[in-house]
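Listed below are the residues making up each chain.
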2 protein chains.
Amino acid sequence: MGQRPITFLRQVVALCTFPELMDSPSFPEDAKWRARRILQGCGGQSVGAYSASDGVQCIREDIAAYVEQRDQGVPANRDNVFLTTGASDGIMTVLKLLVSGEGRNRTGVMIPIPQYPLYSAAIAELGAVQINYYLDEDNCWALDVNELHRAYQAAKQHCQPRVLCIINPGNPTGQVQSKKCIEDVLHFAYEENLFVMADEVYQDNVYAPDCQFHSFKKVLYEMGPEYFNSVELASFHSTSKGYTGECGFRGGFMEIVNLDPEVRAQLVKLLSVRLCPPVAGQAAMDVIVNPPRPDEPSFGRFHEEKAAVLGALADKAKLTEQILNTVPGIKCNPVQGAMYAFPQVFIPPKAVEEAKALGMQPDMLYCLRLLEETGICVVPGSGFGQREGTYHFRMTILPSPEKLKVLLEKLRDFHIGFLNQYSDLQEPQCRVPA
Amino acid sequence: MGQRPITFLRQVVALCTFPELMDSPSFPEDAKWRARRILQGCGGQSVGAYSASDGVQCIREDIAAYVEQRDQGVPANRDNVFLTTGASDGIMTVLKLLVSGEGRNRTGVMIPIPQYPLYSAAIAELGAVQINYYLDEDNCWALDVNELHRAYQAAKQHCQPRVLCIINPGNPTGQVQSKKCIEDVLHFAYEENLFVMADEVYQDNVYAPDCQFHSFKKVLYEMGPEYFNSVELASFHSTSKGYTGECGFRGGFMEIVNLDPEVRAQLVKLLSVRLCPPVAGQAAMDVIVNPPRPDEPSFGRFHEEKAAVLGALADKAKLTEQILNTVPGIKCNPVQGAMYAFPQVFIPPKAVEEAKALGMQPDMLYCLRLLEETGICVVPGSGFGQREGTYHFRMTILPSPEKLKVLLEKLRDFHIGFLNQYSDLQEPQCRVPA
């Protein structure tokens with residue numbers, strides 16, 4: 001999508017990969033210093049060696065220090081930090097650890113709808129029970145704790161709800177949860193003895209001026225020791241989002257608090273089967289949690305690049321919402337955070353009928369038509385889940401502002417044409433080929 | 001263990017990671033050419049982008065070309081090639097695909113004993129049935145097809161044997177299978193309709209002058225189209241072994257032939273949940289399958305480094321076998337390939353009794369004592385499986401020749417002391433602390 005990598009991150013990883021570059025004057029000293037430190041933590045001082053299954057120890061220390069700083073002093077312990085192969089791997093591993101039982105004793109996993117499909121896929125793969133709680137579209141996709149209660153009570157009839165997954169900032173929905181809402185969720189988890197999985201990979205992607213990222217861990221801490229010392233909570237982060245977007249490195253970490261020591265031993269065993277997360281990805285993660293300090297030579301460039309990426313994303317979040325909301329039959333909540341808009345689209349009854357005749361979801365018909373007519377690829381809301389009878393699509397806000405503007409205008413024109421084509425006032429049009 | 005990375009591999013990966021190095025005169029043109037080609041196959045020409053879930057297309061093409069050349073012209077198709085996060089990930093994914101059923105219909109997976117514990121761990125994780133077939137220690141750990149028949153028939157009483165795993169060259173046992181043996185195994189798999197998983201990660205690690213690596217796929221091809229067009233076969237390779245030893249990159253690939261298209265679709269879905277293998281690891285794999293050609297500037301250095309690593313491994317394989325076989329009560333098969341010796345050790349009855357009293361395996365007691373007395377860490381045979389009443393340990397041949405020699409001499413002295421201590425002719429000694 002044209003987003004440039006952060007120079008400093010790539011410098012550190014390149015230095016780790018090919019340490020002969022330590023002699024090169026074109027690499028800054030602070031990058032070399034970090035690379036040397038990472039390599040000292042690696043077996044044989046090489047990123048080619050397996051690391052410990054839970055990650056390179058000094059990187060786990062850096063992560064704990066970062067989390068502590070992010071959460072304004074809430075204590076973090078490197079023993080609770082596990083490097084992962086992207087966040088997906090961590091989420092999958094923790095779910096695997098938590099799912100058990102058969103029939104009515106099968107573990108139920110509560111997930112938001114709309115959700116990121118990793119969750120439904122993992123739940124299906126593990127044979128767990130998926131418990132849907134619906135986000136409140138009329139209220140900027142907020143999480144309503146009453147809806148959690150409803151979903152929980154209904155699910156208790158046929159499974160053992162044991163896990164509560166939250167995505168904050170939201171994917172695909174782009175909302176940022178308020179502190180009050182997080183408190184309510186954690187109180188609910190405490191009451192019902194649920195393991196909380198907080199997918200916080202978009203923690204650096206908050207754009208709306210009235211929103212702020214609050215980590216679940218920090219909020220839990222502020223609720224007092226009764227909560228902080230008992231609620232089992234895993235938080236996931238990644239190199240793939242934020243201002244780095246380094247998906248291909250498959251870097252990430254999870255911090256898990258209040259894990260029973262015996263369960264922790266099983267987790268370590270599970271992680272060991274896969275040997276270790278990619279060490280270059282661990283190094284990339286280290287740069288994110290240990291960026292240049294103001295007194296270091298790379299500080300200026302790093303912060304310029306970081307601010308440019310995040311500033312552009314904020315502009316594009318606003319632009320996307322604004323243009324989409326000018327289109328009749330499209331309604332888009334503010335993109336408060338993350339990297340997506342998830343607008344609701346009105347699909348005329350005739351188009352719904354046509355989709356049914358073709359054996360596809362109406363929003364799939366819509367997205368296929370959009371792709372065919374404009375070349376724009378968005379993902380139908382049915383892939384994420386949505387309330388019956390509503391239709392959405394997910395689009396990223398990642399293209400450059402110029403491209404994004406053109407894209408949104410084309411999308412608007414397509415949508416108007418689509419509405420016209422399927423309007424009751426018109427003659428039926430030719431069908432989409434099956 | 002002191003093994004140096006292959007310069008060319010690290011150069012290519014560093015160039016991919018930090019493309020500004022393309023302008024550096026200290027990087028050779030053939031490394032730049034490969035890095036450019038890999039980057040052209042990456043989204044946005046960046047290793048930071050997700051690749052396709054089955055890997056970067058041009059790397060899959062290089063792998064197919066490599067396999068074709070390795071197998072002297074046996075056709076290979078990039079559509080059968082999937083990049084993986086190390087070989088373990090591929091093995092786990094394929095097993096996941098194959099395991100199903102309940103009770104007597106549960107999938108049985110045949111594995112060698114001794115085995116690499118990834119297999120038993122994966123089988124346990126998936127709830128499959130582990131079917132042990134024993135390698136023939138008296139015959140250089142050869143695979144005897146009669147033993148396969150025995151194990152298969154016994155297992156059929158309580159599960160559905162569906163998968164046959166082979167490790168060649170062997171881990172932990174270091175044997176290299178003969179072509180005749182592979183033919184027998186494939187014939188057996190054909191007759192019993194078994195899916196063959198050939199763990200061939202040590203394909204470049206063959207040291208015995210009378211041994212040669214034969215890929216299962218090539219042997220299958222030579223058995224004729226009746227076999228080649230029907231036996232389902234997955235072969236696994238990795239950046240972690242061979243002459244590169246790049247474990248931390250988590251690179252690998254699998255080639256699967258005769259996979260039903262519908263099953264293939266499910267495999268792609270499974271792979272997609274994890275998004276993609278680390279792209280730097282894919283780049284490392286590409287260098288292994290597409291090394292410098294004789295007319296390229298890096299050819300000389302590359303082949304020097306490769307020959308040095310493989311030559312040293314061959315020397316160390318011989319040295320290990322020789323020294324171990326001078327020790328009374330230790331019997332070591334030739335280390336024909338891979339990276340390990342798996343000697344049988346005689347453990348005196350008194351030591352066996354003592355271990356039982358301490359609630360541990362006798363070979364665990366032996367290895368713990370070795371570690372405590374000498375600082376040498378080897379893995380008890382009970383971690384890999386062994387015939388009842390026999391005891392082994394696995395040690396790598398990776399340390400430098402000088403260190404390895406010292407290590408083996410210390411081990412010899414320890415062993416002699418251990419025998420003396422537990423000999424019937426002596427007074428009982430103080431016990432190992434529990």
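What counts, and at which threshold
- Residues numbered from 1 in each chain as written.
- Chains lettered and ligands numbered in written order.
- Predicted model: local features only at pLDDT ≥ 70, side-chain atom pairs only at ≥ 80, totals over all residues.
- Heavy atoms only, no water.
- 1 Å grid on protein atoms, 1.4 Å probe; cavity = no way out; pocket = protein on both sides within 12 Å on 5 of 7 lines; lining within 4 Å.
- Points joined across faces, edges and corners; volume = space filled by probe spheres on them.
- Helix = DSSP H or I, 4+ residues; strand = E, 2+ residues; numbered from the N terminus.
- Nonpolar A, V, L, I, M, F, W, Y, C, P; charged D, E, K, R; others polar.
- Least-squares fit on C-alpha atoms with pLDDT ≥ 70 in both.
- Contact = heavy atoms within 4.5 Å.
- Buried < 20%, exposed > 50% of the residue type's maximum accessible area, 1.4 Å probe, protein only.
- Expected span 1.5 Å × (residues − 1).
- UniProt positions renumbered as here; feature names shortened; annotations may be inferred.
- Phe/Tyr/Trp six-rings, centres within 6.5 Å; stacked < 30°, edge-to-face > 60°.
- Salt bridge = Lys/Arg side-chain N within 4 Å of Asp/Glu carboxyl O.
- Disulfide = S-S within 2.5 Å.
- Buried area = accessible area lost by both parts, 1.4 Å probe.
- Polar contact = N/O pair within 3.5 Å; in protein donor to acceptor, adjacent residues only side chain to side chain.
- Pairing = 2+ DSSP bridges.
- Axes fitted to C-alpha atoms, helices over the stretch in contact; angles between N-to-C directions.

Caption draft 1: Geometry of the layout of surface pockets. Residue and element names in this part refer to chain A. Of the pockets and cavities examined, the second largest pocket occupies roughly 1,500 Å³. Contributions of two or more residues to the lining of the second largest pocket are made by α1 (7-17), α12 (299-325), β11 (379-380) and β12 (393-396). In terms of residue count, the dominant contributor to the lining of the second largest pocket is β12 (three residues). Across the lining of the second largest pocket, the residue classes break down as 24 nonpolar, 18 polar and eight charged.

Caption draft 2: Region of interest: the relation of the copies chain B and chain A. The two copies are related by a screw motion: chain B maps onto chain A through a turn of 180° and a shift of 0.0 Å along the axis, at an RMSD of 0.0 Å. On this basis, the relationship between the two copies can be described by a two-fold rotation axis. No C-alpha of chain B lies nearer the rotation axis than that of A14 of chain B, which sits 2.4 Å from it. An overlap of 100% is found between the interface residues of chain B and their copies at the interface of chain A, pointing to a shared contact surface.

Caption draft 3: Expanded view of unusual backbone geometry. Put simply, N171 of chain A and P172 of chain A share a cis peptide bond, and its omega is 10°. Relative to the helices and strands, P172 of chain A is located in the loop between β4 (160-167) and α7 (179-192). Its identity is not glycine, yet C140 of chain B carries a phi of approximately 55°, on the positive side. The partly exposed category is assigned to C140 of chain B, whose relative accessible area is 28%. One non-glycine residue, A338 of chain B, lies in positive phi territory at about 60°.

Caption draft 4: Seen up close, α12 of chain A. Residue and element names in this part refer to chain A. A rise of 1.5 Å per residue sets the reference length of α12, with its 27 residues, at 39 Å; its end C-alpha atoms lie 39 Å apart and thus fit the reference within 8%. By the burial criterion, the buried members of α12 are F302, E305, V309, L310, L313, K316, A317, L319, T320, E321, I323 and L324. Contact partners of the buried residues in α12: α1, β8 (330-331), β9 (340-341), β12 and α15 (401-422).

Caption draft 5: How the structure looks around the UniProt feature "domain: Aminotransferase class I/classII large" (unreviewed entry) in chain A. The residues that UniProt annotates with the feature "domain: Aminotransferase class I/classII large" (unreviewed entry) are residues 44-411 of chain A. The span residues 44-411 of chain A shows a helical share of 43% and a strand share of 15%, and its end C-alpha atoms are spaced 54 Å apart.

Caption draft 6: Region of interest: the packing of aromatic side chains. Summed over all chains, the structure comprises 28 aromatic pairs over all chains. Relative to F418 of chain B, the ring of Y366 of chain B has its centre 5.0 Å away and its plane inclined at 75°; by these criteria the two rings are edge-to-face. One end of the pair, Y366 of chain B, is in helix α14 (residues 362-374); the other, F418 of chain B, is in helix α15 (residues 401-422), with 52 residues separating them in the sequence. This pair shows no difference in class: Y366 of chain B is buried, exactly as F418 of chain B is. With 5.6 Å between their ring centres and 40° between their planes, F414 of chain B and F418 of chain B make a pair best called tilted. Note that F414 of chain B and F418 of chain B are positioned in helix α15 at a spacing of four residues, about one turn of the helix. Here F414 of chain B matches F418 of chain B in class, with each residue buried. An aromatic cluster is defined as three or more aromatic residues linked by ring pairs; in this entry it consists of Y366, F393, F414, F418 and Y422 of chain A.

Caption draft 7: Here's a closer look at the pattern of salt bridges. Summed over all chains, the structure comprises 46 salt bridges over all chains. A salt bridge links K318 of chain A to E321 of chain A; the shortest N-O distance between them is 3.7 Å. Of this pair, K318 of chain A and E321 of chain A both sit in helix α12, separated by three residues, roughly a single helical turn. Using a relative accessible area of 45% as the deciding quantity, one classes K318 of chain A as partly exposed. Residue E321 of chain A is classed as buried on the basis of its relative accessible area of 15%. Linking E232 of chain B and R162 of chain B is a salt bridge whose minimum nitrogen-to-oxygen distance equals 3.2 Å. Of this pair, E232 of chain B sits in the loop between α9 (225-228) and β6 (233-238) while R162 of chain B is found in strand β4 (residues 160-167), placing the two residues 70 residues apart along the sequence.

Caption draft 8: The state of the cysteines, seen in detail. Overall, the coordinates contain zero disulfides over all chains when judged by the stated rule. Between C247 of chain A, a free cysteine, and C276 of chain B, which holds the nearest cysteine sulfur, the sulfur-to-sulfur gap is 7.8 Å.

Caption draft 9: Expanded view of the side chain of K218 of chain A. Looking at where K218 of chain A falls in the secondary structure, it is placed in helix α8 (residues 216-222). Setting aside residues no more than four positions away along its own chain, K218 of chain A makes contact with D71, Q72 and V74 of chain A.

Caption draft 10: Geometry of the interface of chain B and chain A. If you look at the interface, chain B gives 42 residues, while chain A gives 42 residues. Across the interface of chain B and chain A, roughly 3,200 Å² is buried in total on both sides, 60% from carbon and sulfur atoms. The interface formed by chain B and chain A includes two salt bridges. At the boundary of chain B with chain A, the tally comes to 16 residue pairs in polar contact (both at pLDDT 80 or more).

Caption draft 11: Fine view of the sheet that holds strand β7 (residues 252-257) of chain A. All names here are of chain A. The strand order across the open sheet formed by seven strands is β1-β7-β6-β5-β4-β2-β3, and the pairing between neighbours is mixed. Looking along the sheet, the strands with just one partner apiece sit at the ends: β1 (81-84) and β3 (129-134). Recorded for the sheet is a direction-independent mean angle of 25° between the axes of neighbouring strands. Contacts from helix α3 (residues 57-70) reach β1, β6 (233-238) and β7, with the element oriented near 115° to β1. Packed on one face of the sheet, helix α10 (residues 261-273) meets β1 and β7 and runs near 20° to β1.

Caption draft 12: Representation of empty space enclosed by the protein within the structure. Within the structure shown, the criterion is met by nine cavities of 30 Å³ or more. Computed from the structure, the largest cavity encloses a volume of approximately 350 Å³. In terms of lining residues, the largest cavity is bounded by 28 residues, among which D89 and R274 of chain A together with T85, D89 and R274 of chain B are the most central. Elements with a minimum of two residues in the lining of the largest cavity: β1, α4 (86-98) and α10 of chain A together with β1 (81-84), α4 (86-98) and α10 (261-273) of chain B. Here the lining of the largest cavity is built from residues that sort into eleven nonpolar, eight polar and nine charged.

Caption draft 13: Local environment of the sheet that holds strand β3 (residues 129-134) of chain B. Residues and elements named next belong to chain B. Read across the open sheet, the seven strands follow the order β1-β7-β6-β5-β4-β2-β3; overall the sheet is mixed. Every other strand in the sheet has two partners, leaving β1 and β3 as the edge strands with one partner each. Taking the axes of each pair of neighbouring strands and ignoring which way they run, one obtains an average angle of 25° across the sheet. Bridge analysis of strand β2 (residues 107-113) against β4 gives four bridges, and the strand direction is parallel. Residue pairing in the sheet places V109 in a bridge with V163 of β4. Packing against the sheet, α4 makes contact with β1, β2, β4, β5 (195-199), β6 and β7 (252-257), and its axis sits at approximately 170° to β5. Strands in contact with helix α5 (residues 118-126) are β2, β3, β4 and β5; relative to β2, the strand with the most contacts, it is inclined by about 165°.

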